[in-house]
Amino acid sequence: MEYYPILPYHVRQSWNADCMRQAVEEVLEGRMGYLKASKVFGVPRTTLEARVKKVKKGVQEEQLVQHILSMEARLFGFTLNDLQSLAFQLAFRNNLPHQFNIEKKKAGKAWLYGFLSRHPNVRLRTHEPTSLARAIGFNRPAVEKYFLLLREVLDKHKIPPDRIYNVDETGIMTVPKKQSKCLSLKGKRQVGCLTSGERGVLVTVEICMSASELLDDAPPGSTAHYHTSGWMQKEIFLSWFDQFISLSKPSKEHPVLLLLDGHTTHKKNLDVIDKAREKGVVLLCFPPHTTHRLQPLDVSFMAPLSTYYSSEVQRWMQQHPGRPVTIAQIGKLFGTAYMKAASVQTAVNGFRKTGIHPLNPEIFPDWMYEPAETTNRPIDAHDRDQENNISLSQVQLSPPATSQTTVPTNLN
């Protein structure tokens, strides 16, 4: 049996630290490969590869942290589950070896807690119950912060009203939940009205309007995507986003602002976030539990759309006795209802009533804040320190020093 002596550390590390630093820099900048840098600077290739990998990992994780902070600053609060999902997307996109859960498409808890331990500025926090959060969601500090962000975006990018858009999903059923009233004999206890079925089929519709005009011809130019659940999916929203870009024609020189809620297909969709940055679309998310007051589509458009759609379904049933409404009729019925609900005045009213355009942070009277009166207090230093914590169900990070961050293209 042969024995090979293990050299002391000071003998094995015979290379110069400055040479290693220069070799790492050359590889990271792409000017040299590992083999050439190893020969030019006289450093071992395996050690060089390990050093480069370590530097890349640190840089990528820091970029990931800054990305999360930047998104939270725009009210895209990341949960721990979001972080795991984002890590998986990055690893999958860049063909990186990993031990993440393929079925769930997310990084494991070991990686998650390792990531949190490497970034001590991110801490755990106990979250408020959902029912309480919904009750106090529309509070003055949250709304003030939202309008500050909105003003900052509008001033920074000099975005005119015709380049401000709001997008939202709504679910429509072949059997509408909201039924129109019908005439009946006075005193009759139970009034029946024929529907096309007991439950119906769900179809999710993505709707967008701008602060100056509504795209009245949207239904004729609409596209359809199929998913068994009927709910919006990341890939489908990305396809819609491509269509939005083609219609709104944004650029980095002339960006557009897209206001949207915190739906998982929006804030967890790395492809949409990357494309928005690339094409000149500024994304701003509404604070949680406030869309009933702050989202123009919710305020001015969804209610009349639902009413018109229910009426169209009822009219179709009367004209086609014995036939149920199916997916085949959705396009025509929804398109007709949409054209009735869609008007320039509807869009203008929605953006005006929510204080977006004309910009009016004082649009909401005091009585609207009364249900959240206990949370109507200034955000002082103690509050900001508390906001630096993270919850197992809700990431709450303080905004970064600058909003100029780079979304990492890989993760190791």
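Just so you know, these numbers come straight off a predicted model, no measurement behind them. (Residues numbered from 1 in each chain as written. Predicted model: local features only at pLDDT ≥ 70, side-chain atom pairs only at ≥ 80, totals over all residues. Heavy atoms only, no water.)

1. Re the pattern of salt bridges
And then number 1: This model, assessed by the stated rule, comprises seven salt bridges.
And then number 2: The shortest N-O distance in the salt bridge between Asp-242 and Lys-275 comes to 2.7 Å. Of this pair, Asp-242 sits in helix H9 (residues 234–248) while Lys-275 sits in helix H11 (residues 270–279), and the two are 33 residues apart along the sequence.
And then number 3: A single network of salt bridges, built from pairs that share partners, joins Glu-312, Arg-315 and Lys-340. (Salt bridge = Lys/Arg side-chain N within 4 Å of Asp/Glu carboxyl O. Helix = DSSP H or I, 4+ residues; strand = E, 2+ residues; numbered from the N terminus.)

2. Focus: the pairing of strand S3 (residues 202–210)
And then number 1: Of all nine residues making up S3, nine are buried, and the element is well covered by its neighbours.
And then number 2: Burial along S3 is two-sided: the residues Leu-202, Thr-204, Glu-206, Cys-208 and Ser-210 and Val-203, Val-205, Ile-207 and Met-209 are all buried. (Buried < 20%, exposed > 50% of the residue type's maximum accessible area, 1.4 Å probe, protein only.)

3. So, the pairing of strand S4 (residues 256–260)
And then number 1: Buried residues dominate S4, accounting for five of its five residues.
And then number 2: Because side chains alternate across S4, one face comprises the buried residues Val-256, Leu-258 and Leu-260, and the other comprises Leu-257 and Leu-259, equally buried.
And then number 3: As defined by bridge partners, strand S2 (residues 164–173) adjoins S4 across three bridges and the pair is classed as parallel. Its bridge partner being in S4, Ile-164 is matched across the sheet by Leu-257.
And then number 4: Where S4 and strand S5 (residues 281–285) come together, five bridges link them in parallel fashion. When the bridges of S5 are listed, Leu-258 appears paired with Leu-283. (Pairing = 2+ DSSP bridges.)

4. What about the packing of helix H5 (residues 80–93) against H11?
And then number 1: One way to put it is that H5 packs onto H11 with a least axis distance of 10 Å and a crossing angle of 75 degrees. Taken together, the axes of H5 and H11 are roughly perpendicular relative to one another. Contacts from Leu-86, Gln-89, Leu-90 and Arg-93 in H5 reach Leu-270, Asp-271 and Asp-274 in H11. (Axes fitted to C-alpha atoms, helices over the stretch in contact; angles between N-to-C directions. Parallel < 35°, antiparallel > 145°, perpendicular 65-115°, else oblique. Contact = heavy atoms within 4.5 Å.)

5. Some thoughts on a nonpolar patch on the surface
And then number 1: A contiguous nonpolar surface patch, about 210 Å² in accessible area, is contributed by Leu-28, Val-55 and Val-59.
And then number 2: When you line up the elements, Val-55 lands in helix H4 (residues 45–73).
And then number 3: Exposure remark for Val-55: the relative accessible area of 35% places this residue in the partly exposed category. (Patch = residues over 30% accessible without salt bridge, like charges linked within 9 Å, V, L, I, M, F, W, Y side chains within 5 Å. Areas by Shrake-Rupley, 256 points an atom, 1.4 Å probe, with all protein chains shown as cover.)

6. Some words on helix H2 (residues 17–28)
And then number 1: With 12 residues, H2 extends 16 Å between its outermost C-alpha atoms, agreeing within 8% with the 16 Å of an ideal straight helix rising 1.5 Å per residue.
And then number 2: Those residues of H2 lying buried are Met-20, Ala-23, Val-24, Glu-26 and Val-27. For H2, the angular spread of buried residues about the axis comes to 165 degrees, placing them on one side.
And then number 3: Phi turns positive, to about 80 degrees, at Gly-30, one or two residues after H2. (Expected span 1.5 Å × (residues − 1). Arc of directions from axis to C-beta.)

7. A closer look at the sheet that holds S4
And then number 1: Read from one edge of the open sheet, four strands run S3-S2-S4-S5, paired in mixed fashion. Each edge of the sheet is formed by a strand with only one pairing partner; in this case those strands are S3 and S5. Geometrically, the sheet is characterised by an average inter-axis angle of 25 degrees between neighbouring strands, direction not taken into account.
And then number 2: Here helix H13 (residues 296–319) sits on the sheet in contact with S2 and S3, set at roughly 35 degrees to S2.

8. Concerning the environment of Ala-342
And then number 1: Mapped onto the fold, Ala-342 is located in the loop between helix H14 (327–341) and helix H15 (344–353).
And then number 2: For Ala-342, a relative accessible area of 9% gives the class buried.
And then number 3: For the pair Ala-342 and Leu-305, spaced 37 residues apart in the sequence, the C-alpha separation amounts to 8.1 Å.

9. Topic: the confidence of the model for the protein
Detailed reading of predicted coordinates is not advised where the pLDDT is low.
And then number 1: Residues of the protein with pLDDT of at least 70 account for 68%, and the chain-wide mean is 74.
And then number 2: Here strand S6 (residues 389–390) stands out as the least confident element of the protein, with mean pLDDT 31; S4 is the most confident, with 93.
And then number 3: The low-confidence segment residues 126–131, where pLDDT is below 50, has three contacts with residues more than four positions distant or belonging to other chains.
And then number 4: Across residues 379–412, confidence stays below pLDDT 50; counting only partners more than four residues off in sequence or on other chains, it has 99 contacts. (pLDDT = per-residue confidence, 0-100.)

10. Concerning H9
Think of an α-helix as turning once every 3.6 residues; residues three or four places apart then point the same way.
And then number 1: Along its 15 residues, H9 runs 20 Å from first to last C-alpha, staying within 8% of the 21 Å computed at 1.5 Å per residue.
And then number 2: Taken together, the buried positions of H9 are occupied by Ile-236, Phe-237, Leu-238, Trp-240, Phe-241, Phe-244, Ile-245 and Ser-248.
And then number 3: Downstream of H9 by one or two residues, Lys-249 has phi in the positive range, about 50 degrees.

11. Regarding the nonpolar core
Taken as a class, soluble globular proteins show a tendency for nonpolar side chains to be buried jointly.
And then number 1: Counting 44 residues, the largest nonpolar core has Leu-257 and Leu-259 as its most contacted members.
And then number 2: Looking at this core, the elements with two or more residues in it are helix H8 (140–157), S2, S3, S4, S5, H13, H14 and H15.
And then number 3: With eight residues, H13 is the largest single contributor of residues to this core.
And then number 4: Of all hydrophobic cores here, the second largest spans 19 residues; its members include Phe-78, Leu-80, Leu-90 and Phe-100. (Core = buried A, V, L, I, M, F, W, Y, C linked by side-chain atoms within 4.5 Å.)

12. Notes on the environment of Ala-347
And then number 1: Inspection of the secondary structure puts Ala-347 in helix H15.
And then number 2: Residue classification places Ala-347 among the buried positions, given a relative accessible area of 0%.
And then number 3: The spacing of Ala-347 and Cys-208 is 139 residues in sequence and 9.8 Å in space, taken between C-alpha atoms.

13. Quick look at the packing of aromatic side chains
And then number 1: Across all of its chains, the model carries 14 aromatic pairs by this definition.
And then number 2: Note on Phe-138 and Phe-364: the rings are 5.2 Å apart at their centroids and 90 degrees apart in plane angle, and the pair reads as edge-to-face. One end of the pair, Phe-138, is in the loop between helix H7 (130–136) and H8; the other, Phe-364, is in the loop between H15 and helix H16 (381–386), and 226 residues separate them in sequence. When sorted by exposure, Phe-138 lands in the same class as Phe-364, which is buried.
And then number 3: Aromatic pair Phe-334 and Tyr-338: ring centres 5.9 Å apart, planes at 45 degrees, arrangement tilted. (Phe/Tyr/Trp six-rings, centres within 6.5 Å; stacked < 30°, edge-to-face > 60°.)

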